Amino acid sequence: MSTTRTESDLERGPRLAAEAEAVVCFAEFKLLLKPDELRHIVDAYALWSHVYRAVDRSGVRFVPTPGDPPIRARDVMFYDTPHFDLYENHFILRRRTHYRDGWTKSHDELTFKFRHPDVERVRAVDVRPGIKAQARIKFKREILPLPDRIGGARHIYTRNCVMVLPQAERAVDVDTLVGLFPALRAVHPGRRPHVALVNQVTVNETLSEFGVLDFGHGLAGTVTLALWRDTETSAPVVSELGFQLKFDRLDERTEALLQPIEAFFRSVQHHIARWVLL
């Protein structure tokens, strides 16, 4: 039997990988919270006591984290042009510096994402890097509350590319980023603006894990509470409560399984209404 690979065989691998990455495999439920209500760990426990009422009444299985919830710290930086050309075109460029026991890891994490309510529009954008690099691609449905009232839900879709990179502080222009992420060819305003740290603000994120929500049928996710602070002033910026579920693909069966979970998500909003930031 011949083992010679044809040109079409060589092309098929990347094509099939790209097709696999175009399948929605995650559902991420997010609630933004008022940061002034969550300045101390006791505030987080008070919040969780109300969340747990929704968990208990819904019959969702919850496996708490043994002992005190683990707390992770990382710095978060967003990059854009002075006129927010990336954001206005539904792109987000974010860098994270992770800490362990107070020490930074050797490499930062760079996330490039395209975010839009139209799933097909998101599917059409290839966020893979234009250079050879280790990268993880995720296609998510984000489930968020309605912008004007408690107890609703809306969907936004994102394709994320997450990769590691050495620390780099200098600003770059859009042309340089296009080489890194070819999808940014759609964002070229005719000038050569620099892409730099948004508002010159680095955010410190404190992330706590309460435990795992198990909805059955293989759908389970860790509940996290994140608080963002301005690193210079320590002023709270925003807080976020969320959990993420993974599945094989978003098809009719998965949609049916997600419906009661969305009902649970709406119920949680009512139980913690005074914390929710619309």
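Rules and cut-offs
- Residues numbered from 1 in each chain as written.
- Predicted model: local features only at pLDDT ≥ 70, side-chain atom pairs only at ≥ 80, totals over all residues.
- Heavy atoms only, no water.
- Helix = DSSP H or I, 4+ residues; strand = E, 2+ residues; numbered from the N terminus.
- Buried < 20%, exposed > 50% of the residue type's maximum accessible area, 1.4 Å probe, protein only.
- Pairing = 2+ DSSP bridges.
- Expected span 1.5 Å × (residues − 1).
- Contact = heavy atoms within 4.5 Å.
- Core = buried A, V, L, I, M, F, W, Y, C linked by side-chain atoms within 4.5 Å.
- Axes fitted to C-alpha atoms, helices over the stretch in contact; angles between N-to-C directions.
- Parallel < 35°, antiparallel > 145°, perpendicular 65-115°, else oblique.
- Left-handed = near helix turned anticlockwise from the far one by under 90°.
- Nonpolar A, V, L, I, M, F, W, Y, C, P; charged D, E, K, R; others polar.
- Polar contact = N/O pair within 3.5 Å; in protein donor to acceptor, adjacent residues only side chain to side chain.
- pLDDT = per-residue confidence, 0-100.

### Remarks on the environment of Gln 200
Move 1: Position of Gln 200 relative to the elements: it lies in the loop between strand E10 (194–197) and strand E11 (203–214).
Move 2: Given the relative accessible area of 55%, Gln 200 is considered exposed.
Move 3: Measuring from C-alpha to C-alpha, the distance between Gln 200 and Tyr 79 comes to 9.3 Å, with 121 residues separating the pair along the chain.

### What to know about the pairing of strand E4 (residues 91–100)
Move 1: Of all ten residues in E4, eight are buried, a share of seventy percent or more.
Move 2: Pairing analysis gives seven bridges linking strand E3 (residues 71–80) to E4, with the strands arranged antiparallel. The residue bridging Met 77 from the neighbouring strand is Arg 95, located in E4.
Move 3: Relative to strand E6 (residues 108–116), E4 runs antiparallel, the two being bridged by six bridges. By the bridge assignment for E6, Arg 96 is matched with Glu 109.
Move 4: Pairing between E4 and strand E5 (residues 103–104): two bridges, direction antiparallel. When the sheet's bridge partners are listed, Arg 100 is paired in E5 with Trp 103.
Move 5: Taking the residues between adjacent antiparallel strands as the criterion, E4 and E5 are bridged by two residues, where Asp 101 takes a positive phi near 55°.

### What about helix H2 (residues 41–58)?
Move 1: With 18 residues, H2 ought to run about 26 Å at 1.5 Å a step, and its terminal C-alpha atoms sit 26 Å apart, in line with that.
Move 2: On its buried face, H2 is in contact with strand E1 (26–33), strand E2 (61–64), E11, strand E12 (220–230), strand E13 (236–246) and helix H6 (252–271).
Move 3: The positive-phi residue at the C-terminal boundary of H2 is Gly 59, with phi of around 80°.

### Some thoughts on the nonpolar core
Move 1: Counting residues in each nonpolar core, the largest one holds 60 residues, and the members touching the most others are Leu 33 and Ile 272.
Move 2: In contact with Leu 33, not counting residues within four places along its chain, are Leu 38, Leu 47, Leu 225, Val 238, Ser 239, Leu 241, Ile 272, Trp 275, Val 276 and Leu 277.
Move 3: Formed by six residues, the second largest nonpolar core is a distinct cluster that contains Val 203, Ala 226, Trp 228 and Val 238.

### Looking at the packing of H2 against H6
The geometry of a pair of packed helices is captured by two quantities: the angle between their axes and the separation between those axes.
Move 1: For the pair H2 and H6, interaxial distance at closest approach is 8 Å and the crossing angle is 140°. By the angle between their axes, H2 is oblique relative to H6. Crossing hand, H2 versus H6: right-handed. Residues His 50, Arg 53, Ala 54, Val 55, Arg 57 and Ser 58 of H2 form the contact with H6, whose participating residues are Phe 264, Ser 267, Val 268 and His 271.
Move 2: Classifying every residue of the contact of H2 with H6 gives four nonpolar, four polar and two charged.

### Remarks on the side chain of Ser 239
Move 1: For Ser 239, the location among the structural elements is in strand E13.
Move 2: Looking at Ser 239, the relative accessible area reads 1%, which means it is buried.
Move 3: In this structure the side chain of Ser 239 is engaged in a polar contact, spanning 2.7 Å, whose partner is the backbone oxygen of Ala 226.
Move 4: Among residues more than four places away in sequence, those in contact with Ser 239 are Leu 31, Leu 32, Leu 33, Pro 35, Leu 38, Leu 225, Ala 226 and Leu 227.

### As for the confidence of the model for the chain
Move 1: In this model, the chain carries a mean pLDDT of 87, and residues with pLDDT of at least 70 account for 88%.
Move 2: When mean pLDDT is taken per element in the chain, E1 scores highest with 98 and helix H1 (residues 7–21) scores lowest with 49.
Move 3: In the predicted structure, residues 1–13 sits below a pLDDT of 50 and forms one contact with residues beyond four places in sequence or in another chain.

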